[in-house]
Amino acid sequence: MTIVIGAGIAGLVTALRLAQRGERVIVVESESAVGGLTRPWEIGGIHWDRFYHVVLGSDHDTVALLDEIGIADRLVMRSVKTNLYVEGKLYPFSTPFDLLSFPELTPVDKIRLVATIAHARYTKNDDAYEWEGVLQYLTRWSGTRNVDRIWRPLLRAKLGEHHANASAAFIRATIKRLQGARRNGVGGECYGYVRGGYATVLQALERTLHDRGVELVLGRRVCEVAASEHHVRVTLDEREIEADRAILTVPSPVCAAIAPQLSPSERRVLAQDRYFGVACVSLLVNRRLGDAYVTNVADAAFPFTGIINMSALVDRRDLGGYDLVYLPKYAPPEDQTMTLSDDVLVSQAARGLSRVFTGFNEADVVAARVARAPYVFPFPRLGRAQSLPPARTSVPRLAILNNARLRYATLNVSDTIGVVDEGLAELDSDPAWRCTRESRALAGSR
Ligand SMILES: Cc1cc2nc3c(=O)[nH]c(=O)nc-3n(C[C@H](O)[C@H](O)[C@H](O)COP(=O)(O)OP(=O)(O)OC[C@H]3O[C@@H](n4cnc5c(N)ncnc54)[C@H](O)[C@@H]3O)c2cc1C
């Protein structure tokens, strides 16, 4: 029997794969529902994702999972637009035509911008860019003016004052992923969502897991995982479970905290990852905020990463006829922004929207909520891909398949599924791990 710790996408897919091979699986999750970052909630009577989620055409593993759990027909793909807010003005920024008519850059700057995007998208050797600073790379390809006007404000919006320490591999991965959404020619981007939001995906996953006999233990935080030669013991708040092996899918700081037997070098690798969390304001508004799904804001005074208007993608009838807008702010968990009260963040968000969208004011807000997560993605420091957490650890019967194992990608569901599939394949090829499967089952809880 295997215990999977964490019921986010990584934990649920790990459980699914093991159950598909006929293994007995228990998933333990500290929250009262499955889904992790994809979990839905209620805002102003609307049930939708706490954090915005789209599916890109290039998200092959997500699309395959939807098919596997019987909801492929619920995926809706649509053409969407992107805006860029810069120097106090809002510009369409989806198509080559938008770029050509963008007044803030010279023709040479525009050519260099296109060359940067083409280079990041089409060149493959990401290892070569792992140790290069992001600003150095962008300056080399785009030039100083593009860096100052476009790239640096966007990087600062995502990574704050730490942006200069990020690796070029990060921006290359971001560009590759976003370009994966582009349609051929001049048609802009094509994004998708699942009807009903991620709640539909999670319900279908839970159903599939249930049918395959997977047990979900919800609302129970794992405090410690201790392994011996013969079994692994997982301590929950007021209960212990013994199993043949355990797989951690929780963020690296949690892995380090609950698995004290990890070796000093493994703990060093886990500790090297400085995580960014997110505080994300959701506003349900009684006013149309244009037709762009993403408005990138290249303005240091704007306190959020950007503006995501879910109603530009999702049928407004599914959102009560309102616009559902997200304003995320990414920062390390200890950053001052993460401790701001919900009221402060909501009023910053409303003020921010009124600057970007003429005519918008706070009275247009029908409902507001703030979702927070302390650990979302490891900061993309130089050389990070060279020291990822191990799949099989030095602790017998204990493996880590968390999203810190993403090599060259920005965090997303499809690549999270890929991490699980690759990690399980790596474990399967490891004789020491394989033999834990056949060992004496000490299953049972007490
Ligand atoms: C703002 C935002 C927007 C995003 N947009 C997109 C998008 O548009 N498209 C896309 O594909 N992806 C998007 N993502 C990324 C996507 O949500 C993640 O890739 C995915 O959800 C990661 O899943 P995970 O299982 O690795 O981690 P998590 O979802 O973090 O799951 C970890 C789970 O472990 C649990 N846990 C933690 N500690 C313990 C413990 N001690 N005991 C038991 N359980 C524990 C947590 O409660 C959680 O449920 C977005 C993420 C964010 C934050």
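Predicted, not measured: the structure shown is a model, and the values here were computed from it.

*Asks:* Could you clarify how one ought to interpret the overall build of the chain in this entry?
*Replies:* Assigned secondary structure in the chain consists of 13 helices and 20 strands. Taken over the C-alpha trace, the chain has a radius of gyration of 22 Å; the compact-globule value for 446 residues is 22 Å, and the two agree within 12%. Dimensions along the principal axes, computed over C-alpha positions, put the chain at roughly 70 × 50 × 40 Å. A buried classification covers 47% of the 446 residues belonging to the chain. When contacts within the chain are restricted to residue pairs at least 6 apart in sequence, those whose partners lie at least 24 apart make up 73%.

*Asks:* What should I look at first to understand the domain arrangement of the chain in this one?
*Replies:* If you check the domain split of the chain, you get domain 1 (2-39 + 197-273 + 385-445), domain 2 (95-183) and domain 3 (191-195 + 275-378). In this structure, domain 2 and domain 3 have C-alpha centres spaced 24 Å apart.

*Asks:* When you look at helix α4 (residues 107-122) in this model, what are you seeing that I'm missing?
*Replies:* Count 3.6 residues to each turn of an α-helix, and residues three or four apart come out pointing the same way. The end-to-end C-alpha distance of α4 is 22 Å, a good match for the 22 Å that 16 residues give at a rise of 1.5 Å each. By the burial criterion, the buried members of α4 are Leu113, Thr116 and Ala120. For α4, the arc enclosing every buried residue in end-on projection is 60°, short of the 170-degree limit, so these residues lie on one face. Exposed residues on α4 whose side chains face more than 90 degrees from its buried face are Pro107, Val108 and Tyr122. Tucked into the core, α4 has its buried residues touching α5 (134-142), α6 (144-159) and α7 (168-179).

*Asks:* Can you help me understand helix α1 (residues 9-20) in this one?
*Replies:* The end-to-end C-alpha distance of α1, which contains twelve residues, comes to 16 Å, matching closely the 16 Å that a straight helix rising 1.5 Å per residue would cover. With respect to burial, α1 is a largely interior element, nine of its twelve residues being buried. Of all the positions in α1, only Ile9, Ala10, Gly11, Leu12, Val13, Thr14, Ala15, Leu16 and Leu18 are classed as buried. Buried-residue contacts for α1 involve β1 (2-5), β2 (25-29), α2 (60-68), α8 (198-211), β13 (245-248) and α12 (413-428).

*Asks:* Please clarify how unusual backbone geometry should be interpreted in this entry.
*Replies:* Backbone geometry follows two general trends: most residues other than glycine have a negative phi, and most peptide bonds adopt the trans configuration. Despite not being glycine, Glu87 shows a phi value in the positive range, around 50°. Along the chain, Glu87 falls in the loop between β6 (75-86) and β7 (89-92). Positive phi outside glycine occurs at Arg397, with the angle close to 70°. With respect to the helices and strands, Arg397 occurs in the loop between β18 (365-378) and β19 (398-400). Among the residues examined, Arg397 registers 25 C-beta atoms within 10 Å and is labelled buried.

*Asks:* For this particular structure, what's the right way to read the confidence of the model for the chain?
*Replies:* Regions with low pLDDT should not have their predicted coordinates read in detail. Overall, the prediction assigns the chain a mean pLDDT of 91, with 96% of residues at 70 or greater. In the predicted structure, residues 440-446 sits below a pLDDT of 50 and forms 13 contacts with residues beyond four places in sequence or in another chain.

*Asks:* What's the story with the site of the ligand in this structure? I'm lost.
*Replies:* The environment of the ligand is formed by 36 residues, the closest being Gly6, Gly8, Ala10, Gly36 and Asn412. Across the shell around the ligand, the residue classes tally to 20 nonpolar, 13 polar and three charged. Residue-level mapping places the shell around the ligand at the junction of two domains, with at least three residues from each of domain 1 (2-39 + 197-273 + 385-445) and domain 3 (191-195 + 275-378).

*Asks:* What exactly am I supposed to notice about the sheet that holds strand β9 (residues 215-218) here?
*Replies:* The pairing of strands in a sheet comes from backbone hydrogen bonds and takes either a parallel or an antiparallel form. Pairing is parallel in the open sheet, where five strands are placed in the order β9-β2-β1-β13-β19. Only two strands of the sheet have a single partner each, and these edge strands are β9 and β19. Averaged over neighbouring strand pairs, the angle between their axes works out to 20° when direction is ignored. Bridge analysis of β1 against β2 gives four bridges, and the strand direction is parallel. Residue pairing for β2: Thr2 is matched across the bridge by Val25.

*Asks:* What is the right way to read the packing of α1 against α8 from this model?
*Replies:* Axes are the key here: two packed helices are described by the angle between their axes and the distance separating the axes. Two elements in contact, α1 and α8, have axes separated by 10 Å at closest approach and are oriented at 30°. With respect to α8, the axis of α1 lies roughly parallel. Crossing angle aside, the handedness with which α1 passes α8 is left-handed. Together, Leu12, Ala15, Leu16 and Ala19 of α1 and Leu205, Thr208 and Leu209 of α8 make up the contact between the two elements.

*Asks:* Before we go on, may I ask you to explain the environment of Glu29 in this structure?
*Replies:* Its place among the elements puts Glu29 in strand β2. By C-beta crowding, Glu29 is classed as buried, having 25 other C-beta atoms within 10 Å. Beyond its immediate chain neighbours, meaning those up to four positions away, Glu29 contacts Gly6, Ala7, Val34, Leu216 and Leu218.

*Asks:* In this structure, what is going on with the pairing of strand β12 (residues 239-243)? I would like to understand it.
*Replies:* Sheet topology note: the strand β11 (residues 232-236)/β12 ladder contains five bridges and is antiparallel. When the sheet's bridge partners are listed, Val232 is paired in β12 with Ala243. Counting the residues that bridge the hairpin from β11 to β12 gives two residues.

*Asks:* Even after reading the chapter, I still don't get the pairing of β11, so can you show me in this structure?
*Replies:* Side-chain direction in a regular strand flips from residue to residue, so the side chains alternate between the two faces of the sheet. As paired elements, strand β10 (residues 222-227) and β11 share five bridges and run antiparallel to each other. Bridged to Val222 within β11 is Leu236. With antiparallel pairing between neighbouring strands as the criterion, β10 and β11 make up a hairpin whose turn holds four residues.

The rules behind each value
- Residues numbered from 1 in each chain as written.
- Predicted model: local features only at pLDDT ≥ 70, side-chain atom pairs only at ≥ 80, totals over all residues.
- Helix = DSSP H or I, 4+ residues; strand = E, 2+ residues; numbered from the N terminus.
- Rg over C-alpha atoms; globule rule 2.2 N^0.38 Å.
- Buried ≥ 20, exposed ≤ 12 C-beta atoms within 10 Å, placed from the backbone.
- Contact = placed C-beta atoms within 7 Å.
- Domains from an automatic or database assignment.
- Expected span 1.5 Å × (residues − 1).
- Arc of directions from axis to C-beta.
- pLDDT = per-residue confidence, 0-100.
- Near = placed C-beta within 6 Å.
- Nonpolar A, V, L, I, M, F, W, Y, C, P; charged D, E, K, R; others polar.
- Pairing = 2+ DSSP bridges.
- Axes fitted to C-alpha atoms, helices over the stretch in contact; angles between N-to-C directions.
- Parallel < 35°, antiparallel > 145°, perpendicular 65-115°, else oblique.
- Left-handed = near helix turned anticlockwise from the far one by under 90°.

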